Protein chains: 2
Amino acid sequence: MTAPEPRHPLADLDETVHQRARLGILAVLAETREADFTHLKTALGLTDGNLGRHLEVLVESGHVTLRKGSDGRRRRTWVRITAQGRQALRSEVELLRQLLHIAELTDPGSGA
Amino acid sequence: MTAPEPRHPLADLDETVHQRARLGILAVLAETREADFTHLKTALGLTDGNLGRHLEVLVESGHVTLRKGSDGRRRRTWVRITAQGRQALRSEVELLRQLLHIAELTDPGSGA
């Protein structure tokens, strides 16, 4: 019998939020609160289809809401972060902070 | 004509390193330098198959190397982080540090 090994903090990262594009979307929205589809697409270097799919995931999970509107001639979709989305980003950042702490403690500053 | 919008730092995250399980593997190895398959599996809460597939990706990309050995009766696989792997983890951490900076500047501390 050996004691159970402790789980690494990164084992608890939430893929809904950690996934690169979705983390980017939430980070942009945390800065601006609301952003339109085209701005998100450009800022994160995503295609229409890709951004659309990731937004679907984030709407389903309650992290963002969408609002359709128009800007004179153009139809626009505005995306806003929810309180739950902000909380999830905060939890992710807290876990990443632990990772950075580990990296700082253990990085020998050389190429190993 | 409008000026091109700046890309968000997260647009440049490297999926090879950012993906949850692989980031976990590299973070554990940066701490311990070398770890065996079973330890990684337990620490990160992964299945054999899952860990095996992620290690294949990291070996292919030059971030880790594998060494087979035995520990008395048991066959073991040791995993070691390479200089390139350590550098990639450092770049990821640097990008995440920018994200934390953004989050700190913009987090209103309320549920917004």
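Residues numbered from 1 in each chain as written. Chains lettered and ligands numbered in written order. Predicted model: local features only at pLDDT ≥ 70, side-chain atom pairs only at ≥ 80, totals over all residues. Heavy atoms only, no water.

### Looking at the packing of helix α3 (residues 37-44) of chain B against helix α4 (residues 48-60) of chain B
Residues and elements named next belong to chain B. Packing of α3 against α4 brings their axes to within 10 Å, and their N-to-C directions diverge by 110 degrees. With respect to α4, the element α3 is oriented roughly perpendicular. On the side of α3, the interface is formed by Phe-37, Leu-40 and Lys-41, while α4 contributes Asp-48, Leu-51, Gly-52 and Leu-55. Class assignment of the residues belonging to the contact of α3 with α4 gives a composition of four nonpolar, one polar and two charged. (Axes fitted to C-alpha atoms, helices over the stretch in contact; angles between N-to-C directions. Helix = DSSP H or I, 4+ residues; strand = E, 2+ residues; numbered from the N terminus. Parallel < 35°, antiparallel > 145°, perpendicular 65-115°, else oblique. Contact = heavy atoms within 4.5 Å. Nonpolar A, V, L, I, M, F, W, Y, C, P; charged D, E, K, R; others polar.)

### Side note on the sheet that holds strand β3 (residues 74-81) of chain A
Residues and elements named next belong to chain A. Strand order in this open sheet of three strands is β1-β3-β2, and the pairing throughout is antiparallel. Single-partner strands in this sheet number two, and they are β1 (34-36) and β2 (64-71). Direction aside, neighbouring strands of the sheet carry axes that sit 30 degrees apart on average. Bridge analysis of β2 against β3 gives eight bridges, and the strand direction is antiparallel. Along β3, the bridge assignment pairs Thr-65 with Arg-80. Sheet strands in contact with helix α2 (residues 20-32) are β1, β2 and β3, and its direction is about 90 degrees off that of β3. Where helix α3 (residues 37-44) meets the sheet, its contacts fall on β1 and β3, and the angle it forms with β1 comes to roughly 85 degrees. (Pairing = 2+ DSSP bridges.)

### Remarks on the pattern of salt bridges
Taken as a whole and assessed by the stated rule, the structure comprises 14 salt bridges over all chains. For the salt bridge of B:Arg67 with B:Glu34, the shortest nitrogen-to-oxygen distance reads 3.1 Å. Within this pair, whereas B:Arg67 is found in strand β2 (residues 64-71), its partner B:Glu34 is found in strand β1 (residues 34-36), the two being separated by 33 residues in sequence. Under the relative-accessibility criterion, B:Arg67 is labelled partly exposed at 43%. Via salt bridges that share partners, A:Glu34, A:Arg67 and A:Arg80 belong to a single interconnected network. (Salt bridge = Lys/Arg side-chain N within 4 Å of Asp/Glu carboxyl O. Buried < 20%, exposed > 50% of the residue type's maximum accessible area, 1.4 Å probe, protein only.)

### Observations regarding the packing of α2(A) against helix α4 (residues 48-60) of chain A
All names here are of chain A. One can describe the packing of α2 onto α4 by two numbers: an axis separation of 10 Å at closest approach and a directional angle of 75 degrees. Compared by their axis directions, α2 and α4 come out roughly perpendicular. Here Ala-21, Arg-22, Ile-25 and Leu-26 of α2 lie close against α4, whose contacting residues are Leu-51, His-54, Leu-55, Val-57 and Leu-58. Within the contact of α2 with α4, the residues separate by chemical class into seven nonpolar, one polar and one charged.

### Focus on the nonpolar core
By size, the foremost hydrophobic cluster in this structure holds 56 residues, and its most contacted members are A:Ile25, A:Leu29, A:Leu40, B:Ile25, B:Leu29 and B:Leu40. Ignoring sequence-local partners within four residues, the contact set of B:Leu40 consists of B:Ile25, B:Val28, B:Leu29, B:Ala35, B:Leu51 and B:Val79. (Core = buried A, V, L, I, M, F, W, Y, C linked by side-chain atoms within 4.5 Å.)

### Some words on the confidence of the model for chain A
Residue and element names in this part refer to chain A. Taken as a whole, chain A shows an average pLDDT of 86; of its residues, 86% reach a score of 70 or greater. For chain A, per-element mean pLDDT is lowest for helix α5 (residues 83-106), which scores 82, and highest for α4, which scores 97. On the interface metric, ipTM, the complex scores 0.75, and its pTM is 0.81. (pLDDT = per-residue confidence, 0-100.)

### With respect to the environment of A:Leu40
Residues and elements named next belong to chain A. Topologically, Leu-40 is positioned in helix α3. In the structure, Leu-40 is positioned 59 residues away from Leu-99 in sequence and 27 Å away in space, judged by C-alpha atoms. With residues near it in sequence (within four places) discarded, Leu-40 still touches Ile-25, Val-28, Leu-29, Ala-35, Leu-51, Leu-55 and Val-79.

### So, α4(B)
All names here are of chain B. Over its 13 residues, α4 runs 18 Å from end to end, which matches the ideal 18 Å to within 8%, given 1.5 Å per residue. Taken residue by residue, α4 has Leu-51, His-54, Leu-55 and Leu-58 as its buried positions. The buried residues of α4 occupy an angular sector of 105 degrees when the element is viewed end-on, so they sit on one face. Looking at α4, the residues exposed on the side facing more than 90 degrees away from the buried face are Arg-53, Glu-56 and Glu-60. Packing partners of the buried residues in α4 comprise α1 (15-18), α2 (20-32), α3, β2 and β3 (74-81). Note on α4: the residue one or two positions beyond its end, Gly-62, has a positive phi of about 80 degrees. (Expected span 1.5 Å × (residues − 1). Arc of directions from axis to C-beta.)

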